[in-house]
Amino acid sequence: MAINNINEQPIIHETTIYAEPIFNIGSFQVTNSLINSWFAVLIIIALCIFLRLNIKKIPGKIQHIFEMFLEGALSLCDQVTNDRKMTLKIFPLAASLFIFILINNWLGLLPVVGSMGFLAKEAGHSVFIPIFRAGTADINTTLALSIAIVIGSNIFGIIAIGAWKTFNKYVNIKALGGIFTKFREDKNVLIVAPITFFVGILELIGEIAKVASLSFRLFGNVFAGEVLLASMGAIFLYLLPTPFLFLEVFIGLIQALIFSLLATVYFTIASQDHGEHEEESHEKGLAHA
Amino acid sequence: MEKEVVDAVVSFAPVGKGLAIGLSAVGAGIGIGLIGGRAMEAIGRNPEATGKVLVPMLIASAFAEAVAIYGLVIAFSIK
């Protein structure tokens, strides 16, 4: 979005898709969204220390509220994994993801964020650089989270069902080997096995698609919300952005929920073997009937 | 030289940006409308199940909307 400033007096703040660097530690650029992420981590640490120090056997009001949230979140996770033991293994990661993304999204809605900043000279004209920016409005944050989740789900799969089975999900050597062993029983195997092999290769591309979709969904929603609020504020600053602020609060919550829900789903799928999965679904079908 | 002069005046980048978000919005609008419609049918058949239908509907709508957001990100990144 290049705007030609004919006269340099009006300084237009264009929200850039890339977070602007504020200062450098050595050769490491600290961007404004990174400052927000640190702030979110500080808030989480303070909250955790406060809750841990005040924990009692008979819960007080605050502890009771958090325990209610915990019950609700555990039951939601149970609906995905269908196994309490698996839920207890995956839940800490999914819940931390949820809290981190939620606090980052909501911190981006404070009036301080996006408006406090300084002027810098860039390529001839002055550019306004805000000091704070929503942590998840930076593609680096969301990309890092999604890469970590996808790689983590594969590592979880290796731990749960073993490296050979996980490897066979992508490079399906077992199917190719089946050509020789099952040839006498079922002639179809000659055609089905190469197709199964290529489906496995497509799964590999699917993993990259997972990374892209996770990161872009979160980044796009938060960034588009920022731009929307800035545009509404530019049209008429009083009362007009209010419904959009409520929308952004809601969207921040939903996107955090979806990210952690999808992470749970990926972890669950990675820990399930194809053969066992079919047996389980058959059992469930019989149980419901 | 003419090409550079013409390119400076007539640039198709805004058309690209408009098409990127416009076409993705069509798909997302149809998707979310269908999801909402089916959810309304389900609630109409069984009003007591409103709470159970609401949360999955919201989650499915967020997935459908995310595809339009992909288009929006591309629209923002076109110079």
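This one's a predicted model, so the numbers in the text were calculated from it and none came from an experiment.

Engineer: Looking at this structure, I do not really get the overall build of chain B. What am I missing?
Structural biologist: Scanning chain B from terminus to terminus reveals three helices and zero strands. Ordered by position from N to C terminus, the α and β elements of chain B give α-α-α. Computed over C-alpha atoms, the radius of gyration of chain B comes to 20 Å, more than 25% over the 12 Å expected from 2.2 N^0.38 for 79 residues, which places it beyond the range of a compact globule. C-alpha atoms of chain B, sized along the principal axes, occupy 70 × 15 × 10 Å. Within chain B, the proportion of its 79 residues that are buried is 10%. Partitioning the intrachain contacts of chain B with sequence separation of at least 6 by distance along the chain shows that 77% fall at a separation of at least 24.

Engineer: Teacher, can you tell me more about helix α3 (residues 50-77) of chain B here?
Structural biologist: For an α-helix, 3.6 residues make a turn, and residues three or four places apart therefore share a direction. Here α3(B) spans 40 Å end to end across 28 residues, near enough to the 40 Å set by a 1.5 Å rise per residue. Roughly 25° is the biggest bend found in α3(B), and it falls at B:Val67. For α3(B), every residue scored as buried is listed here: B:Glu65, B:Ala68, B:Ile69, B:Gly71, B:Leu72 and B:Val73. At its buried positions, α3(B) is contacted by α7 (189-235) of chain A together with α2 (13-45) of chain B.

Engineer: Mind showing me how you'd approach the environment of A:Val127 here?
Structural biologist: Residues and elements named next belong to chain A. Assignment of secondary structure puts Val 127 in strand β4 (residues 125-130). Expressed as a C-alpha distance, the spacing of Val 127 and His 13, which sit 114 residues apart in the sequence, is 6.9 Å. For Val 127, the residues in contact, after removing those within four places along its chain, are Ala 120 and Glu 122.

Engineer: What is the right way to read the interface of chain A and chain B from this model?
Structural biologist: How large an interface is tends to be reported as the accessible area lost when its parts come together. Taken residue by residue, the interface counts eleven residues in chain A and eleven residues in chain B. Contributing elements (two or more residues each) for the side of chain A that touches chain B: α7 and α8 (241-270) of chain A. Among the residues making up the side of chain A that touches chain B, the classes are represented as seven nonpolar, three polar and one charged.

Reading guide: rules and limits
Residues numbered from 1 in each chain as written. Chains lettered and ligands numbered in written order. Predicted model: local features only at pLDDT ≥ 70, side-chain atom pairs only at ≥ 80, totals over all residues. Helix = DSSP H or I, 4+ residues; strand = E, 2+ residues; numbered from the N terminus. Rg over C-alpha atoms; globule rule 2.2 N^0.38 Å. Buried ≥ 20, exposed ≤ 12 C-beta atoms within 10 Å, placed from the backbone. Contact = placed C-beta atoms within 7 Å. Expected span 1.5 Å × (residues − 1). Bend = angle between axes of the 7 residues up to and from the residue. Nonpolar A, V, L, I, M, F, W, Y, C, P; charged D, E, K, R; others polar.

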